[in-house]
Amino acid sequence: MNVVVVGSGIAGLTAALHASAAGLRTALVTKDALGGGCTALAQGGIAGVYGPDDSPALHAADTMTAGAGLSDAAAVGVLVQDGSTRIAELIARGVAVERDATGMLLLGREAAHSHARIVHAGGDATGAAISRALLERVREADIEVIEHALLVDLLTDGVAVHGIRMLRRDDPVDLHADAVILATGGAGQLYAHTTNPAGATGDGIAAALRAGAAVTDLEFVQFHPTVLAGGDAFLISEAVRGEGAALIDADGRRFVFDAHPDGELAPRDVVARVVARQAALQGSPVRLDATGIGAARLAGRFPTIDRVTHERGFDWGREPIPVTPAAHYLMGGVVTDLDGRTSLPGLFAAGEVARTGVHGANRLASNSLLEAAVFGARAADAVGRRRPPSVAQPVSSAAAAPPPLNDPQRSSSERGETKRAPRGAQRRVETSRPALQHLMWDRVGLLRTPDGLAEALDTIRSFRAASSAPTTRAEHEDANLLLVAEATASAALARTESVGAHHIDRHPALIGA
Ligand code: SIN
């Protein structure tokens, strides 16, 4: 049996390590250099260690509440039951988590968690610590690593998936395998403002859509409320609010309490919308006041944020800093069962690319690293239990590219349910990526209206109609973003009621913060 894992965040690295440990011949394909992607940027921690008055059941309840009733209870059950094993595994693999003087794990609390159950490493650099440790283990393992290879498409025979086509230095190369595990992350680059890195262009979701895999819940995009305003989006972790920082309006008033009794620690979607509305009302970004925490504690607990805010000219220990929301996490994605199996035989998915059902309409803070570790491991373990399909070919990175098996111009879904679409015309891509990103931000963002969504969908379809079969990496990414944008806008249009992160705004005059 051989397996190709696509993506080198926590889901992909965990899957590759489990696959290799199970004796599978394992290739790990990554778009940029190993260690790029969202995981290494994650400032929040990993939820799932339970103090004396906490339990998996309470963590499950918080997860279901955040998911606004749309989480899958079985998937949440798996998350909280497997969570501590995966966290112990991460520690055993070398992640230096924070402990108190007696050696006990230090547990933090974030918005919408009823208890302190979040483990951190390196203050606000948990993702980087996880990424570093897992990369070391991957380098030691018998895993073929292929860097700078963009996923172009899944190789299918119309029924099952038998490998991937990738673009290496602008050359298409096919890699055949008995199973493919997608761990390609999300699609934050759909939006003009995002915490995601440049590579988050929805490549795995787009490839799954083109191959005919079920994809759903794309309307549920989580916007983080506090990104440093101005310049490249830089996240100011929710943990800063967990430590006591307050969101204030132009008059210095804590305005979030007007909308929710939990104030700054209300569910993330509530805080993000209130922040956007307040900024629109006052005509300037709201501010995050962390001065009460004290400069020394801020520097010790949040070394990365402390460094970057100072580099950007803000002395956050002494003055409130301007913050604004940004696209952060995609709850929807490729539909999987509890073992990462998608609707296509041979195709598995884990991490942000997957829709396991854990997050429902809104993800609970610090559940994403946990979900990726839990379901990355389960997907690889499930591949290990499979019998090799008779048509499978050996993994090869040198195969010549046959004609496309999947049409890159296939259209997307009606409201999340994936359908194969007719072949499109072979024309050049004329849409600029910023035009799409601003359209998505304005019309398919935090605050949506039916008219705005319909207009966005029409415009995206006209962009797609004017696009051609991609050849370069940038063109493939643009095509992927357009396809995922179309699926996202149609899913958002079809869901007429507000739920979780999907918010149909009744006061459109306030949109545009
Ligand atoms: C944050 O640190 O605020 C982000 C954590 C998360 O997205 O779970």
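Position labels on residues start from 1 in each chain and follow its written sequence. Per-residue local features of the predicted model are confined to residues with pLDDT of at least 70, and side-chain atom pairs are confined, for both listing and counting, to 80 or more; whole-chain, interface and lining totals are unaffected and use all residues. Note that the side-chain values use all heavy atoms of the structure and ignore hydrogens as well as water.

A.B. asks: Lay out the overall build of the chain with the relevant residues and their values.
C.D. replies: Each helix and strand in the chain was counted, giving 13 helices and 18 strands. For the radius of gyration, the atom set is restricted to C-alpha positions; the globular benchmark scales as 2.2 Å times the number of residues to the power 0.38. Its C-alpha atoms give the chain a radius of gyration of 22 Å, within 12% of the compact-globule value 24 Å for 513 residues. In terms of principal-axis extent, the alpha carbons of the chain reach across some 65 × 55 × 40 Å. Partly exposed describes any residue whose relative accessible area lies between the buried limit of under 20% and the exposed limit of over 50%, with all areas from a 1.4 Å probe on protein chains only and scaled to the type maximum. Across the 513 residues of the chain, 60% fall into the buried class. Secondary structure counts use DSSP, requiring at least four H or I residues in a row for a helix and at least two E residues in a row for a strand, with both numbered from the N terminus.

A.B. asks: Talk me through the sheet that holds strand β15 (residues 321-330); I want residue IDs and the actual numbers.
C.D. replies: In short, DSSP must find at least two bridges between two strands for them to pair. Judged by pairing direction, the sheet is antiparallel, and its 5 strands sit side by side in the order β12-β11-β15-β14-β13 without closing on themselves. Looking at which strands have only one partner, the edges of the open sheet turn out to be β12 (234-235) and β13 (246-248). Taken together, the 6 bridges between strand β11 (residues 221-228) and β15 define a ladder with antiparallel strand orientation. Across the sheet, residue V227 finds its bridge partner in β15, namely T324.

A.B. asks: Can you tell me about the nonpolar core, naming the residues and giving the values?
C.D. replies: Within this scheme, the nonpolar core is defined by two criteria: the residues are buried Ala, Val, Leu, Ile, Met, Phe, Trp, Tyr or Cys, and they are joined through side-chain atoms within 4.5 Å. Core analysis: the largest hydrophobic core is formed by 61 residues, its most contacted members being V29, L154, I164, L182 and Y191. A per-element tally of this core places helix α13 (residues 473-494) first, with 8 residues. In what follows, residue pairs with any heavy atoms lying within 4.5 Å of each other are defined as contacts. Beyond its immediate sequence surroundings of up to four residues, I164 is in contact with V4, V6, V29, L151, D153, L154, L155, V173, D174, L175 and V180.

A.B. asks: Break down the site of the ligand for me, with residues and values.
C.D. replies: One heavy atom within 4 Å of a molecule or strand is enough for the residue carrying it to be called near that molecule or strand. The environment of the ligand is formed by Q43, G44, H224, L235, S237, E238, R268, H328, R363, A365 and S366. Two N or O atoms count as a polar contact when they lie within 3.5 Å, although within protein this holds only if one can serve as hydrogen donor and the other as acceptor, and sequence-adjacent residues are included solely when both atoms are side-chain atoms. In the environment of the ligand, an oxygen atom lies 3.1 Å from a nitrogen or oxygen atom belonging to the backbone of G44. For the ligand, an oxygen atom lies 2.7 Å from a polar atom in the side chain of H328. Computed by Shrake-Rupley with a 1.4 Å probe, the accessible areas treat only the displayed protein chains as cover when residues are assessed. Burial of the ligand by the protein amounts to 95% of the accessible area it has alone, namely 260 Å².

A.B. asks: Describe the pairing of strand β1 (residues 2-6), and please don't skip the residues or the numbers.
C.D. replies: Buried residues dominate β1, accounting for 5 of its 5 residues. In β1, alternate side chains face the same way, and those of N2, V4 and V6 on one face and V3 and V5 on the other are all buried. Sheet analysis places β1 next to strand β2 (residues 25-29), joined by 5 bridges and oriented parallel. Within β2, the position partnered with N2 by the bridge is R25.

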